[in-house]
Amino acid sequence: MGDASAIGAFPQTPVPSSRRGPARGPAPSSTTKTSSPLPVAPQQGASAALSSAPVIPLRILDAPTQRLYAFGFYVALLAWKFYDWAQLVEEDTESFWLFLKWIAIDCAFLFGLPELRIPWLELSQPFVVGAFFIHALFDWVLMFNIGFPWQAWILGFVKVFYDRELAISEHNVKLSSILHNSSLIMGRQIINILPEGSAILNPELHPFCLGGDRKTAPLPIFFNATIPVEVELIRTDLETNQQESIKLTRAQIRDIERKAKRESQDGVQTVVQFEYPVKKPGAYRLGRVLDEYKLEVQRRNPQTFVVPCPKAWIGPSASPGRCVGDLSDVSIQIEGTPPLKIKYSRTINGKDHSFHFQSLQPDGFTSPLGALRSTSLVGLDDEDISWSRSQRVPVGLNESMHASGEWQYSVDEVQDGFGNLVRYDSSADDPEGKPKPKHLVQNFVVKERPQVRLEGCDLRRPLKVAKGESKELPVRFKMPGQTPDITAHTLTWHFSPIDTLTESGDHGDAVTTGTYNARNARDRPVISEPGLYTLKSVSASSCEGEVQEPSSCLLLNPLEPKVTVRSEEIPDTCAGNSIGLRVDMDLIGTPPFIVRYDVISNGQRRSERVNIPGLRYQMDLVPRVAGHHKYIFTHIGDAIYNKGQKLTGSEYVLEQDVKPAAAALIQHSSGKVSSCLGDEVTADILLLGDAPFTLEWEIIHDGKRKQYKATDIRENSYQIKTKPLTQGGEYTLGLTSIQDKRGCRNFLQDELKISVRRQSPRAAFGQIEGKRKMLAVESATVKLPVRLTGEGPWKVFYTRLDDGPADQPKILERTVRNDNGYIDVKERGAYTITDVWDSQCHGVVDSKASTFEVDWFPRPEMSVALTHGVSQTDGGYMVEDVCEGDISGFEVALKGTPPYTAEYEVRHHPLHGSSSLSKRKFDASLGKESIQADTAKAGSYTYKFTALEDNLYSSDRSFKPLVVKQKVNRKPAASFVKPGQTFKYCKSEQDNEDGIPVSLTGVPPFALEIEIKHQSAAVPEIYRTPAINTHSYEIRIPRHQLRLGTQHIRIRDVKDGSGCHSMGELTGGPSVQVQLFEAPTIYPLETRTDYCVGERISYTLSGTPPFEVWYTFDGVERKAKSPTTNFRRVAESPGEFIITTLSDKASECRAPVHIAKTIHPMPAVRISKGKNVRVDIHEGGEVEILFEFWGTPPFEFTYTRSTNARKGQKSQVLETRHDVSHEHSKVVRANQEGTYEVVAIKDKYCAFSTQTGAEGVGKEKGRVKGQKVIKY
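Note that the structure is a prediction, hence the values are computed from the model and not measured.

J.: Explain the overall build of the protein to me, and be specific about the residues and the numbers.
T.: Of regular secondary structure, the protein possesses nine helices and 95 strands. Out of the 1272 residues belonging to the protein, those deemed buried represent 41%. Once local pairs closer than 6 in sequence are excluded, the contacts in the protein between residues at least 24 apart make up 69%.

Structure below.
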């Protein structure tokens, strides 16, 4: 044990102290005893054990885990080392520095691992030194790329995990995908020698049907590599299962022959398709097919079913009318081969909804189509084909019709189990606009249900009608959504007589049913029998309706009216004779009453009536003439019996002989009369009694009475005529007494009031603000004040100056009902009152106040004050241009009646984009108003004043808009396109040197003032640019104003052509930095200029990394970065690769270079247009194989013929051939069976092969390649 420890081997136990000095037997055992007589020994042993313990305590991380982490770290370092070696091999980078790097890493790991004191990894010093030298030797072999036998194997293993490199397009590409591009060799020609031709019926499994517009079904028959001379079809009838043989005619055979020859002219197409038209349904299959050698052609015999096309129709409906809530009850009949599918649409008031039904078949029906796809039509070869017969399946639609209007059910399409689809186009889809046939459409008119109730009558408010008469039942009919006045309907009700009702007022046992057919809502049933009527139902347009409350009405017959008459005489106080009768009446019935009676006086008969509001009444019958008078009461009526009941009996006849006393009456309706001043008044007097008469009367005025008397009046009428009444006031004409032939002088009280005007009516114009002249708003109605005296209404006659000829002006008439009234006029001018009448008298006109003048207020006007900067143009006004953000405006002058209100539009036309419009409004109390111009945004502003109002006038159409225009120039701005960026230049100016890009806005030309501040200078320099005529500019500062190092560039000021300028911040704002450096260089590692796609193009760079390389590839400029002094790219596509510019980190000077490399495309070849073409030929035939090449001639290619691939067998190469073509295509004839394909292709520059190790596959720098540059 001690010897092993001395040479650095692993100890047998993980105790660290076991390898310190020689092994002693009793030492370990003595240290474990607690009864040792020497106290120093255990202290020394503990100290030694503590100093040799692991750096990471085992209680934190146990020994196996620490060993696992150490081993994993070592494997990670080894993987990193192999990665650097792979990069070294690929990029050929500097080997010495990588060798030093890994010497240092291995030294640190190997010498640092024992210091961790991990159990079993406590390596001895000699072992560590030996391991270090072994690792150093391994690092030298790897980093200096010294060849060794397993180098290629290790490199391939690394490439399995990472095989991506940067390409010219600056994207990582997988090199193996470029080198092994399967699109370079495409196509395959397969030649199969057939023993005989073949035929197949309907190989694409199309469904066929007959019916409707489909009179025939074209069955496709495919003939492969044969021209038939006889073709037989076997048809099995679907209904009877009987078979019949059908042979193609000679014309059809010749058609197949011509088609085969025509399609085989190019030597590629060998399959002929012929469509045989069939007209009968059935199951078809190929029978015997003979070719031109009378040999039977190989064929497949599946069946193709030709069935009747599916169809559908809608069964007849009982009635096209429906009511809301009814069921549709529609039956759709479908006929075809089950299972069937149908699609129908339901349209409600123009809104369409589509529905589907699937898997429709009769009950108990089974079909193989239910488990097959719709395209599997030819795999059904059972002898029993009864399932394919057409069958009829009914589909019932029974849904609630919830909406009123027009409903339509329409069949859209139907499909059978084979997939035959029949569509029924609507009128909208049909190109000719034809409607669908009637059997495919079912239309319904769904009507609303009526509603009915009673109004104005219920159990609390019964109807009352006279006995024997009738009355309308107060029915209120309603039809939702329609005009009820034109809707005919039928009503039914229950009726119970009044004496059969129950104690609660309901119907009793005697109930009858009534029915009435009403023409419209105003047509109501008429009822007459008293009792209880209850509505039970209503129907309109065959729709039962709803009876609403109240639905019951009680009809009553009140008592008939009756009257009892009593009378007594009225005596005369002078002569003692009777002068009339006083009649008392007691009545029974429903007030009010009307009593009619006839009066017979002296043989003359007249009818009279009296209205009696209550049940008792008294009236006096006093005739005015003497003689025999008879009163006969004939009828009585009340509120119910308004036609009147006839009165019979002597108690209703009254008679009397009357000699009335003398009397006189003034015949005037009101007893008052008005008279004009100075007029005479007449009064008609009716005299009663026996002539001759003596009449006395008096006229009273101002307390004075004047008596008048007329004698010997022989007539019963007399007219009193007064003298002209010249004094105004109240007059009273009173009758005082009358005396007739009998000498009885009777006192009279009748009188007539006469009101005489104290003055004549007068008319004059009133004053407005102290004058008879006014200004008014144009076209407004002007009320001219008129002052009138008299009794209204007045008729005022007036004229307007210049209205008609001067000698005969047009006279206008107006009626004024108020003494302080107005005459409404709408035209200006001088108005004169010519005459006036009041309600009775003619008046006079005040000549001093008979004229009134009317004129219009002037309308408001607007104009723009022509101040400084404002000019007038043909279209309005123009305000001088201003800069964005400046203060500007203009003044408008206003004329009219303040205050003013103006409306105007501000239309902003920006420099870019669409215009915007804003409407504004201002109020002004003075004749001038300042308009603040809008200069917040640049562009053209148009101020259009569209309306002007003052205190009197609102804006109208006659207002001519006022237009003011102004252009606001954008404030120029200049900014760095990339602020904060550092621009690096070479000290000497270079071609195509980028300037400092600046973006400018404004009106060219621009002028910039640039501040240049160097870090070492206290005072900045100013650089002023020349005139800039564009909006983008690159600042190129002269080299004499720049210094070595860094300087800050700022924009201090910018001015544009419109005179606007913008000052920048002097001490802040965005800036850029400028530096000067020397230019880097680049050298290619290879002198050749021709490369192939997939090769690497490498360069070495001088300067300070990282570098930026600009290059063009196929005319597109690109930029790449290189963090090292090596620059390498994979050529992923052909083109011209030219490095044009180079810059490094220190200077970023774009040093111009021109290193061109030509990348050639990989050659490509295609057989048979790049497709896998299979050609079947007979023995002795041959096929032309077309090879097409892409690349640079000449082409060398290698192709093989292998056995045709068969299921379960691997194809084997039979022969390999090599050929050369100086053109881009070549035709090779072949007559042997096999698969022909290209395995290698080579052009002038490059080669490609699909076989490893074949000709044209070389190695470059130790890499296995599928291509190489070929020199001729």
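J.: Can you explain the sheet that holds strand S78 (residues 1081–1084)? Please cite residues and give values.
T.: Each strand in a sheet pairs with another by means of backbone hydrogen bonds, the pair being arranged parallel or else antiparallel. Across the sheet, which stays open at both edges, the three strands sit in the order S78-S80-S83 with antiparallel pairing between neighbours. Edge positions in the sheet fall to S78 and strand S83 (1126–1130), since each of these pairs with one other strand and no more. Taken over all neighbouring pairs, the strand axes of this sheet differ in orientation by 25° on average, direction set aside. Pairing of strand S80 (residues 1096–1102) with S83 involves five bridges; the strand directions are antiparallel. When the sheet's bridge partners are listed, Arg1096 is paired in S83 with Val1130.

J.: Residue-level account of the packing of aromatic side chains, with values.
T.: Tallied over the full model, the rule gives 29 aromatic pairs. Taken together, the aromatic side chains of Phe890, Tyr904, Phe922, Tyr941, Tyr943 and Phe945 make up a single cluster linked through ring pairs. One cation-aromatic arrangement involves Arg1088 over Tyr1091; the distance from NZ or CZ to the ring centre is 4.0 Å. If you follow Arg1166 out to its NZ or CZ, it ends over the ring of Trp1190, 5.0 Å from the centre.

J.: Requested: an account of the state of the cysteines, with residues and values cited.
T.: For the structure shown, the criterion picks out six disulfides. Disulfide partner of Cys457: Cys553, at an S-S distance of 1.8 Å. Every disulfide takes its handedness from the sign of the S-S torsion; for Cys457 and Cys553 that torsion is 85°, giving right-handed. Placement of the pair is Cys457 in the loop between strand S23 (451–454) and strand S24 (463–464) and Cys553 in strand S33 (residues 552–556), with a sequence separation of 96 residues. Each member of the pair, Cys457 together with Cys553, is buried.

J.: A description of a positive patch on the surface should follow, citing residues and the corresponding values.
T.: A cluster of basic residues, Arg250, Arg254, Arg258 and Arg262, forms a positive patch at the surface. Secondary-structure assignment places Arg262 in helix H9 (residues 250–263).

J.: I'd like a rundown of the pattern of salt bridges, residues and numbers included.
T.: The full count for this structure, using the stated rule, is 51 salt bridges. Linking Asp412 and Lys436 is a salt bridge whose minimum nitrogen-to-oxygen distance equals 2.8 Å. Of this pair, Asp412 sits in strand S20 (residues 405–415) while Lys436 sits in the loop between strand S21 (421–423) and strand S22 (441–447); the two residues are 24 residues apart in sequence, bridging distant segments of the chain. Asp458 is paired through a salt bridge with Arg461; the nearest N and O atoms lie 3.6 Å apart.

J.: Describe the pairing of strand S52 (residues 773–776), listing the residues and the values that go with them.
T.: Residues Met774 and Ala776 point to one face of S52 and are all buried, whereas Lys773 and Leu775, pointing to the other face, are not buried. As defined by bridge partners, S52 adjoins strand S59 (residues 851–856) across four bridges and the pair is classed as parallel. Of the residues in S59, the one forming a bridge with Met774 is Val854.

J.: A description of H9 should follow, citing residues and the corresponding values.
T.: Residue pairs spaced three or four apart in an α-helix point in one direction, given the helix's 3.6 residues per turn. Taking 1.5 Å of rise per residue, 14 residues should cover 20 Å, and H9 covers 20 Å from first to last C-alpha, within 8% of that figure. Inspection of H9 places Gln252, Ile253, Ile256 and Ala260 among the buried residues, and these make up the whole buried set. For H9, the angular spread of the buried residues around the axis is 105°, confining them to a single face. With respect to the buried face of H9, the exposed residues turned more than 90 degrees away are Arg250 and Arg262.

J.: Tell me about the sheet that holds S52, and please be specific about residues and values.
T.: Sheet architecture is open: five strands sit in the order S52-S59-S57-S54-S55, paired in mixed fashion. Every interior strand has two partners, whereas the edge strands, S52 and strand S55 (811–816), have only one. Sheet twist, expressed as the average angle between the axes of neighbouring strands with direction ignored, equals 30°. In terms of strand pairing, strand S54 (residues 794–800) meets S55 through six bridges, oriented antiparallel. In the sheet register, Tyr798 faces S55, and the bridge partner there is Leu812.

J.: I'd like to hear about the nonpolar core, residue by residue, with values.
T.: Judged by nonpolar contacts, the single largest core of 50 residues is most densely connected at Phe1127, Phe1137, Ile1139 and Phe1187. Core analysis: the second largest hydrophobic core is formed by 36 residues, Val330, Leu369, Phe418 and Leu440 among them.

J.: Requested: an account of the side chain of Thr901, with residues and values cited.
T.: With respect to the helices, strands and loops of the structure, Thr901 is situated in strand S64 (residues 900–909). At a separation of 3.0 Å, a polar atom in the side chain of Thr901 contacts the side chain of Asp923. Discounting residues that sit within four places of it in the chain, Thr901 has contacts with Lys921, Phe922, Asp923, Ala947, Leu948 and Glu949.

J.: Tell me about a nonpolar patch on the surface, residues and numbers included.
T.: Where nonpolar side chains cluster on the molecular surface, the patch consists of Phe96, Trp97, Leu100, Leu137, Trp140 and Phe144 and spans about 640 Å² of accessible area. Residue assignment for the nonpolar patch shows that the elements contributing at least two residues are helix H5 (95–112) and helix H6 (125–143). At three residues, the largest contribution of residues to the nonpolar patch is made by H5. Along the chain, Trp97 falls in helix H5.

J.: With reference to specific residues and values, describe the packing of H5 against H6.
T.: Two elements in contact, H5 and H6, have axes whose closest approach is 9 Å; the angle formed by their N-to-C orientations is 160°. Classified by the angle between their axes, H5 and H6 sit roughly antiparallel to one another. Judged by the sense of rotation from one axis to the other, the crossing of H5 with H6 is right-handed. For the pair H5 and H6, contact is made by Ser95, Leu98, Phe99, Trp102, Ile103, Asp106, Cys107, Leu110 and Phe111 and by Gln125, Val128, Val129, Ala131, Phe132, His135, Ala136, Asp139, Trp140 and Met143, respectively.

J.: Go over unusual backbone geometry with me, naming the residues and quoting the values.
T.: Residue Glu549 is joined to Pro550 through a cis peptide bond whose omega torsion reads -5°. Along the chain, Pro550 falls in the loop between strand S32 (546–547) and S33. Between Gly792 and the following residue, Pro793, the backbone shows a cis peptide bond with an omega angle of 0°. With respect to the helices, strands and loops of the structure, Pro793 is situated in the loop between strand S53 (782–789) and S54. Positive phi, normally seen in glycine, also occurs at Asp329, with a value near 50°. With respect to the helices, strands and loops of the structure, Asp329 is situated in the loop between strand S15 (321–323) and strand S16 (330–336). Non-glycine residue Asn602 carries a positive phi angle of around 55°. Within the secondary structure, Asn602 is located in the loop between strand S36 (593–601) and strand S37 (604–612).

J.: Can you explain the confidence of the model for the protein? Please cite residues and give values.
T.: Across the protein, the average pLDDT comes to 82, with 88% of residues at or above 70. Across residues 372–379 the pLDDT falls below 50, and counting only partners more than four positions away or on other chains, this stretch makes 14 contacts in the model. Within the model, pLDDT remains below 50 along residues 1253–1272, and this stretch shows 55 contacts once partners closer than five positions in the same chain are excluded.

J.: I'd like to hear about H6, residue by residue, with values.
T.: The terminal C-alpha atoms of H6 lie 27 Å apart, and with 19 residues this matches the ideal 27 Å at 1.5 Å per residue to within 8%. The complete set of buried residues in H6 reads Val128, Ala131, Phe132, His135, Ala136, Asp139, Val141, Leu142 and Met143. Of the residues trailing H6, Asn145 is marked for its positive phi of about 55°.

J.: Before we move on, could you go through the side chain of Asp1056 and cite the residues and values that matter?
T.: Inspection of the secondary structure puts Asp1056 in the loop between strand S75 (1047–1055) and strand S76 (1061–1063). In this structure the side chain of Asp1056 is engaged in a polar contact, spanning 3.0 Å, whose partner is the side chain of Ser1058. Leave out the neighbours within four places in its chain, and Asp1056 touches Arg970, Pro972, Gly1002, Val1003, Pro1005 and Phe1006.

The rules behind these values
- Residues numbered from 1 in each chain as written.
- Predicted model: local features only at pLDDT ≥ 70, side-chain atom pairs only at ≥ 80, totals over all residues.
- Heavy atoms only, no water.
- Helix = DSSP H or I, 4+ residues; strand = E, 2+ residues; numbered from the N terminus.
- Buried < 20%, exposed > 50% of the residue type's maximum accessible area, 1.4 Å probe, protein only.
- Contact = heavy atoms within 4.5 Å.
- Pairing = 2+ DSSP bridges.
- Axes fitted to C-alpha atoms, helices over the stretch in contact; angles between N-to-C directions.
- Phe/Tyr/Trp six-rings, centres within 6.5 Å; stacked < 30°, edge-to-face > 60°.
- Lys NZ or Arg CZ within 6 Å of the ring centre and 35° of its normal.
- Disulfide = S-S within 2.5 Å.
- Patch = residues over 30% accessible without salt bridge, like charges linked within 9 Å, V, L, I, M, F, W, Y side chains within 5 Å.
- Areas by Shrake-Rupley, 256 points an atom, 1.4 Å probe, with all protein chains shown as cover.
- Salt bridge = Lys/Arg side-chain N within 4 Å of Asp/Glu carboxyl O.
- Lys, Arg positive; Asp, Glu negative; His and termini not counted.
- Charge placed at Lys NZ, Arg CZ, Asp CG, Glu CD.
- Expected span 1.5 Å × (residues − 1).
- Arc of directions from axis to C-beta.
- Core = buried A, V, L, I, M, F, W, Y, C linked by side-chain atoms within 4.5 Å.
- Polar contact = N/O pair within 3.5 Å; in protein donor to acceptor, adjacent residues only side chain to side chain.
- Parallel < 35°, antiparallel > 145°, perpendicular 65-115°, else oblique.
- Left-handed = near helix turned anticlockwise from the far one by under 90°.
- pLDDT = per-residue confidence, 0-100.

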